[in-house]
Amino acid sequence: MIKVPSSILKAIIKGCKIELAFGLDDNIFHIGMKIYDDPINFITLTSAQKNIDEHFSIAKIMQLDKVQIQLYNELCACQCFGDIILTTKNKNDILCLLGNPKRLFTGLIDERIHHSADNFQFSLGLDIPTKHRTFTKIETLVIETKIKNLQTMNNAFVEDSGLVSTDVSDPDEGTLLEKEVFVVLRSLFGSNIHHSPQIAIKTPKQRELIDILAYSDYGVFLIESKALGIINSNDVRNMDRKVKGLQKQIEKGINQIVGAYKKISENERIYTDSGENVEFNRTLPPCGIVLVSELLPFGKWDHLLQKLLIAMSDNGIMIHIMDMNELMQFIGHSKNDKDLFDYYLMERIQSFVENPSILRETKFIKGE
């Protein structure tokens with residue numbers, strides 16, 4: 001079972017290179033996967049095995065002709081599955097590295113395990129923080145593989161208005177991301193959230209105000225989602241092109257949020273997609289979120305940061321730039337309380353004002 005961002009899953013569906021990794025550090029066994037969604041800046045997942053069942057599972061898998069792999073995204077819902085088939089030599093090599101499962105480490109994660117995990121990543125040639133200590137190369141095994149018979153899931157989420165269906169292979173990636181965001185935020189806002197609310201214009205037609213509008217007793221939330229566009233991409237874009245495309249999408253999202261807030265301030269009538277009037281307190285503080293499927297930590301962001309700060313200052317609106325993975329952290333820690341969600345966003349914006357940066361890392365620390 002593998003959990004990665006949807007953008008990575010889409011690269012897997014398109015057939016990107018995949019490698020399985022194994023390592024043995026004294027009696028600590030490690031597993032991992034390298035996913036080449038980008039030929040240079042690929043993603044690596046690693047894990048130290050700490051349960052006896054995990055060791056026996058690896059041994060049992062190596063006795064099978066094929067093993068099913070399930071892939072999950074940020075929603076913790078299975079998006080696709082398929083089969084991994086290893087050669088007899090590959091399986092024998094892994095079993096030789098594994099050795100006797102009963103002699104391998106089992107127990108709780110401690111500093112020794114963290115250090116061993118660093119050794120594993122170091123041995124795979126990955127860049128890791130020095131942490132003021134030295135690393136040791138351990139015995140590793142890397143095997144290129146492919147996922148055969150890949151099938152995507154059509155997930156259906158039950159809402160008051162009916163079913164919301166999602167499929168990670170949907171070519172309309174923007175609408176797919178909107179649906180996923182709507183589903184997870186619905187758990188917080190209940191009936192106080194609307195997907196694709198409309199505003200009236202001078203003609204009989206209507207147009208969209210924003211992707212998602214939500215509100216509470218303390219604030220108004222405007223969410224604009226921007227997918228990276230992987231399924232429909234025919235060329236192999238380098239990281240520089242990916243980042244520039246992402247930045248253009250974020251800039252567009254900032255402008256859309258500002259425009260939507262102006263319409264709200266001007267008391268433009270807002271309707272649901274079924275034509276019902278949406279009523280809420282328009283004087284509450286506005287909070288915007290430009291949500292991207294993946295926030296790439298590469299390239300220069302100073303120009304976009306400047307535009308973000310100007311947009312916030314000139315329009316009196318708080319705007320967050322975050323990806324789906326970070327949003328899910330905020331939703332999870334909010335524990336079905338939209339006011340707690342609002343509080344966490346206020347804490348995030350305060351941290352942003354103190355240290356402005358587009359690329360941020362959020363950590364939730366348990367209180368006493």
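Not measured: the values here are computed from a predicted model. Note that residues are indexed from 1 along each chain, following the sequence as it is written. In keeping with the predicted nature of the model, local features appear solely for residues at pLDDT of at least 70, side-chain atom pairs appear and are counted solely at 80 or more, and the whole-chain, interface and lining totals rest on all residues. Hydrogens are left out, water is left out, and the side-chain values use all remaining heavy atoms of the structure.

It is worth spelling out the overall build of the protein chain at this point. The number of helices and strands found in the protein chain is 9 helices and 18 strands. Restricting the calculation to C-alpha atoms gives the radius of gyration, and the globule rule supplies 2.2 Å times the number of residues raised to the power 0.38. The globule rule puts the C-alpha radius of gyration for 368 residues at 21 Å, and the 23 Å found for the protein chain is close to it. With the C-alpha coordinates aligned to their principal axes, the bounding extent of the protein chain is approximately 70 × 45 × 40 Å. By residue count, 48% of the 368 residues in the protein chain fall in the buried class. Each helix corresponds to a stretch of at least 4 residues labelled H or I by DSSP, and each strand to a stretch of at least 2 residues labelled E; elements are numbered beginning at the N terminus. Exposure classes here rest on a 1.4 Å probe applied to the protein chains alone. A residue is buried below 20% of its type maximum, exposed above 50%, and partly exposed in between.

Attention shifts here to the packing of helix 8 (residues 324-334) against helix 9 (residues 338-354). Interhelical geometry of helix 8 versus helix 9 gives an angle of 130° and a closest axis separation of 8 Å. It follows that helix 8 is oblique to helix 9 by the angle criterion. Helix 8 and helix 9 meet at a crossing whose hand is right-handed. When helix 8 is examined against helix 9, the residues Glu 326, Leu 327, Phe 330, Ile 331, His 333 and Ser 334 are found in contact with a partner set consisting of Leu 340, Phe 341, Tyr 344, Leu 345 and Arg 348. Only the stretch in contact is used when fitting a helix axis, every axis being a line fitted to C-alpha atoms; angles between N-to-C directions are given from 0 to 180 degrees. Here the word oblique covers every angle except those under 35 degrees (roughly parallel), over 145 (roughly antiparallel) and from 65 to 115 (roughly perpendicular). By definition, turning the near helix anticlockwise from the far helix through less than a right angle yields a left-handed crossing, and turning it clockwise yields a right-handed one. Two residues form a contact once any of their heavy atoms are found within 4.5 Å.

With that out of the way, let us pick up the packing of aromatic side chains. Here the aromatic set is Phe, Tyr and Trp, taking the six-membered ring for Trp, and pairing holds for ring centres within 6.5 Å; pairs whose planes are under 30 degrees apart are stacked, those over 60 apart are edge-to-face, and all others are tilted. Applying the stated criterion to the full structure yields 10 aromatic pairs. Judged by centre distance (6.4 Å) and plane angle (35°), the ring pair of Phe 22 and Phe 29 falls under tilted. Residue classification places Phe 29 among the buried residues on the basis of a relative accessible area of 0%. Residues Phe 189 and Phe 341 carry aromatic rings whose centres are separated by 6.1 Å and whose planes lie at 90° to one another, so their mutual orientation is edge-to-face. Placement of the pair is Phe 189 in helix 5 (residues 173-189) and Phe 341 in helix 9, with a sequence separation of 152 residues. You'll find Phe 189 and Phe 341 in the same group, each marked buried.

So, on to the sheet that holds strand 18 (residues 318-323). The pairing of strands in a sheet happens through backbone hydrogen bonds and is either parallel or antiparallel. Reading across the sheet, the 5 strands line up as 11-14-15-17-18 and stay open at both edges, with mixed pairing between neighbours. The open sheet is flanked by strand 11 (193-195) and strand 18, the only strands paired with a single partner. Within this sheet the neighbouring strands show an average axis-to-axis angle of 15°, counted without direction. Any two strands between which DSSP finds at least two bridges are classified as paired. The pairing of strand 15 (residues 220-226) with strand 17 (residues 286-292) spans 7 bridges and is parallel. Looking across to strand 17, one finds that Ser 225 is bridged to Leu 291. Packed on one face of the sheet, helix 6 (residues 239-265) meets strand 14 (212-215), strand 15, strand 17 and strand 18 and runs near 150° to strand 15. Against the sheet, helix 9 contacts strand 14, strand 15, strand 17 and strand 18, and its axis sits at roughly 95° relative to strand 18.

What follows deals with the pairing of strand 2 (residues 18-25). Across the 8 residues that make up strand 2, a large majority, 8, are buried. Burial along strand 2 is two-sided: the residues Ile 18, Leu 20, Phe 22 and Leu 24 and Glu 19, Ala 21, Gly 23 and Asp 25 are all buried. In the sheet, strand 2 pairs with strand 3 (residues 28-35) via 8 bridges, with the strands oriented antiparallel. Following the sheet pairing, Gly 23 is matched in strand 3 by His 30. If you look at the hairpin formed by strand 2 and strand 3, you'll find 2 residues sitting between the two strands, and Asp 26 has a positive phi there, around 60°. Sheet analysis places strand 2 next to strand 7 (residues 139-145), joined by 7 bridges and oriented antiparallel. Its bridge partner lying in strand 7, Leu 24 is registered against Glu 139.

Within the secondary structure, Asp 167 sits in the loop between strand 10 (162-166) and helix 5. Polar contact is defined as a pair of N or O atoms within 3.5 Å, subject to the rule that within protein one atom must be able to donate a hydrogen and the other to accept it, and that residues adjacent in sequence are counted only when both atoms are side-chain atoms. Among the polar contacts made by the side chain of Asp 167, one reaches the side chain of Thr 152 at a distance of 3.4 Å. Once you skip the residues sitting within four places of it in the chain, Asp 167 turns out to touch Thr 152, Met 153 and Leu 176.

Residues grouped as a nonpolar core are buried Ala, Val, Leu, Ile, Met, Phe, Trp, Tyr and Cys residues, joined through side-chain atoms within 4.5 Å. Ranked by internal contacts, the top residues of the largest apolar core, which has 65 residues, are Leu 213, Ile 250, Ile 319 and Phe 341. Among the elements that line this core, the one with the most residues is helix 6, at 10 residues. Those residues in contact with Ile 319, other than ones at most four positions away along the chain, are Ile 254, Ile 257, Val 258, Gly 288, Val 290, Leu 308, Met 312 and Ile 349. Listed in part, the 30 residues of the second largest apolar core include Ala 11, Leu 86, Leu 98 and Ile 147.

The next subject is the packing of helix 5 against helix 8. The N-to-C vectors of helix 5 and helix 8 enclose an angle of 15°; their axes lie 10 Å apart at closest approach. Viewed along their axes, helix 5 and helix 8 adopt a mutual orientation that is roughly parallel. By crossing handedness, the relation of helix 5 to helix 8 is classed as left-handed. In this structure, helix 5 uses Leu 177, Glu 180, Val 181, Val 184, Leu 185, Ser 187 and Leu 188 to contact helix 8, whose residues at the interface are Met 324, Leu 327, Met 328, Ile 331 and Ser 334. The classification used treats Ala, Val, Leu, Ile, Met, Phe, Trp, Tyr, Cys and Pro as nonpolar, Asp, Glu, Lys and Arg as charged, and all other residues, Gly among them, as polar. For the contact of helix 5 with helix 8, the per-class residue count stands at 9 nonpolar, 2 polar and 1 charged.

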